[in-house]
Amino acid sequence: MALPPLVGLPSDRKQIGLHPFLAVGEKYVRAVVVGAQATPVLLPSLQPPVAPDEWLARLDGLLLTGAVSNIEPHHYSDEPSWDGNLHDPARDATTLGLIPRALALGMPVLAICRGFQEVNVALGGSLHQKLHEVPGLADHRENPDDPLEAQYAPVQDLRLAEGGLLAAIAGGTAARVNSLHGQGLARLGRGLAVEATAPDGVVEAFRGTGEGFLLGVQWHPEWQVADDPFYLGIFQAFGRACREYAARRAPRAIPATAA
């Protein structure tokens, strides 16, 4: 019997007391196990970053998780950051270099929330730092005073692209999901196609247009993944892609990517 595929999850750098720690949210780790039926491998985010080539030679998929931090805006804009905006330079340095290397291999990538934004930035796209301050766009943030069950409740209707991956998973072109993001896509990165939009037109999901599995979503399908058929279907599709990749994977050189 084949072993479960190995899925890498880049970590967040967090200060706990006097020491920095590297951490990944348990809900993402659990979703890999339960939803994708894969084995999670936590990847260290350091600065300078660890060279990704040896990781990628051993992995069968990459899950880019959400986080409380936001990408530093100098990676996609000349705008300054705003007071109180939490950043994680070590994670930026790790993921923004890791993503193009993984995609060059055709490795399956599932990107959630911050991870969704990381893929867009790594592929030359840009972000709105505060969606709720952009004329014509809605406030997509949760109420931080609500209990988790309310914060992660399905509150946002989506229009799914006809013939897309998400429409196939959902069995139609409509879905209702949670919404917990203050930032969002401004300019779509190269090689990406829109998979879902919110009523105000904000891009809520994309897929890669090249070979292999690349899906990014702005919401949180990892939340209680086994209880929502749409969320579960996303992780099951990712897991299938990882198993297919593992079956054909062989030791190889990592292709060079364009600067």
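Residues numbered from 1 in each chain as written. Predicted model: local features only at pLDDT ≥ 70, side-chain atom pairs only at ≥ 80, totals over all residues. Heavy atoms only, no water.

Quick word on the overall build of the protein chain
Consideration 1: For the protein chain, the count of helices and strands is seven helices and 13 strands.
Consideration 2: Relative to a compact globule of 259 residues, whose C-alpha radius of gyration would be 18 Å, the protein chain shows 17 Å and is just as compact.
Consideration 3: Overall size of the protein chain, expressed as C-alpha extent along the three principal axes, is 50 × 45 × 35 Å.
Consideration 4: Among the 259 residues that make up the protein chain, the fraction classed as buried is 47%. (Helix = DSSP H or I, 4+ residues; strand = E, 2+ residues; numbered from the N terminus. Rg over C-alpha atoms; globule rule 2.2 N^0.38 Å. Buried < 20%, exposed > 50% of the residue type's maximum accessible area, 1.4 Å probe, protein only.)

Some points on the packing of aromatic side chains
Consideration 1: Tallying each qualifying case throughout the model produces four aromatic pairs.
Consideration 2: Considering the side-chain rings of Phe 116 and Phe 206, the 4.6 Å spacing of their centres and the 15° angle between planes classify their relative orientation as stacked. One end of the pair, Phe 116, is in helix H4 (residues 114-122); the other, Phe 206, is in strand E12 (residues 203-208), with 90 residues separating them in the sequence. Assigned by exposure class, Phe 116 and Phe 206 land together as buried.
Consideration 3: A cation sits over an aromatic face here: Lys 130 above Trp 82, 4.7 Å from the ring centre. (Phe/Tyr/Trp six-rings, centres within 6.5 Å; stacked < 30°, edge-to-face > 60°. Lys NZ or Arg CZ within 6 Å of the ring centre and 35° of its normal.)

Section: helix H3 (residues 89-105)
Consideration 1: Between the first and last C-alpha of H3 there are 25 Å, a value that for 17 residues agrees with the 24 Å anticipated at 1.5 Å per step.
Consideration 2: In the stretch just after H3, Gly 106 is the one whose phi turns positive, near 80°. (Expected span 1.5 Å × (residues − 1).)

Structural notes on the sheet that holds strand E11 (residues 192-197)
Consideration 1: Read from one edge to the other, the open sheet built from nine strands follows the order E4-E1-E5-E6-E13-E12-E11-E8-E9, with strand pairing classed as mixed. Pairing within the sheet leaves two strands with one partner each, and these edge strands are strand E4 (39-43) and strand E9 (174-177). Direction aside, neighbouring strands of the sheet carry axes that sit 25° apart on average.
Consideration 2: As judged from the five bridges shared by strand E1 (residues 6-10) and E4, these two strands associate in the parallel manner. Bridge pairing links Gly 8 to Val 41 in E4.
Consideration 3: Against the sheet, helix H1 (residues 26-34) contacts E1, E4, strand E5 (61-64) and strand E6 (109-112), and its axis sits at roughly 150° relative to E4. (Pairing = 2+ DSSP bridges. Axes fitted to C-alpha atoms, helices over the stretch in contact; angles between N-to-C directions. Contact = heavy atoms within 4.5 Å.)

A few points about the nonpolar core
Consideration 1: By size, the foremost hydrophobic cluster in this structure holds 34 residues, and its most contacted members are Val 7, Leu 63, Leu 160, Leu 166, Trp 219, Phe 230 and Phe 235.
Consideration 2: Looking at this core, the elements that each hand over two or more residues are E1, H1, E6, strand E8 (156-160), helix H6 (165-170), E9, strand E13 (214-217) and helix H7 (229-248).
Consideration 3: When residues of this core are assigned to their parent elements, the largest contribution, nine residues, is made by H7.
Consideration 4: When near neighbours in sequence (up to four residues on either side) are disregarded, Leu 63 contacts Val 7, Gly 8, Leu 9, Pro 10, Tyr 28, Val 32, Leu 110, Ile 112, Phe 235 and Phe 238. (Core = buried A, V, L, I, M, F, W, Y, C linked by side-chain atoms within 4.5 Å.)

Describing the pattern of salt bridges
Consideration 1: Under the defined criterion, the tally for this structure stands at 13 salt bridges.
Consideration 2: Among the salt bridges present, the one from Arg 114 reaches Asp 92, with a minimum N-O distance of 2.8 Å. In this pair, Arg 114 is assigned in helix H4 and Asp 92 in helix H3, connecting sequence segments 22 residues apart. Each member of the pair, Arg 114 as well as Asp 92, is classed as buried.
Consideration 3: Here Arg 141 ties to Asp 139 by a salt bridge, and the two come within 2.9 Å at their closest N and O atoms. (Salt bridge = Lys/Arg side-chain N within 4 Å of Asp/Glu carboxyl O.)

A short note on the packing of H3 against H4
Consideration 1: In the contact formed by H3 and H4, the axes pass within 9 Å of each other and the chain directions differ by 60°. As the angle between them shows, H3 and H4 are arranged oblique. Seen along the crossing, H3 lies across H4 with a hand that is right-handed. On H4, the residues touching Arg 91, Asp 92, Thr 95, Leu 96, Ile 99 and Pro 100 of H3 are Arg 114, Gly 115, Glu 118, Val 119, Val 121 and Ala 122.
Consideration 2: For the contact of H3 with H4, the class distribution of residues is six nonpolar, two polar and four charged. (Parallel < 35°, antiparallel > 145°, perpendicular 65-115°, else oblique. Left-handed = near helix turned anticlockwise from the far one by under 90°. Nonpolar A, V, L, I, M, F, W, Y, C, P; charged D, E, K, R; others polar.)

A few points about the environment of Val 109
Consideration 1: For Val 109, the position within the fold is in strand E6.
Consideration 2: As for Val 109 and Leu 131, which are separated by 22 residues in sequence, their C-alpha atoms are 25 Å apart.
Consideration 3: Among residues more than four places away in sequence, those in contact with Val 109 are Leu 62, Leu 64, Ala 102, Leu 103, Phe 213, Leu 214, Leu 215 and Phe 238.

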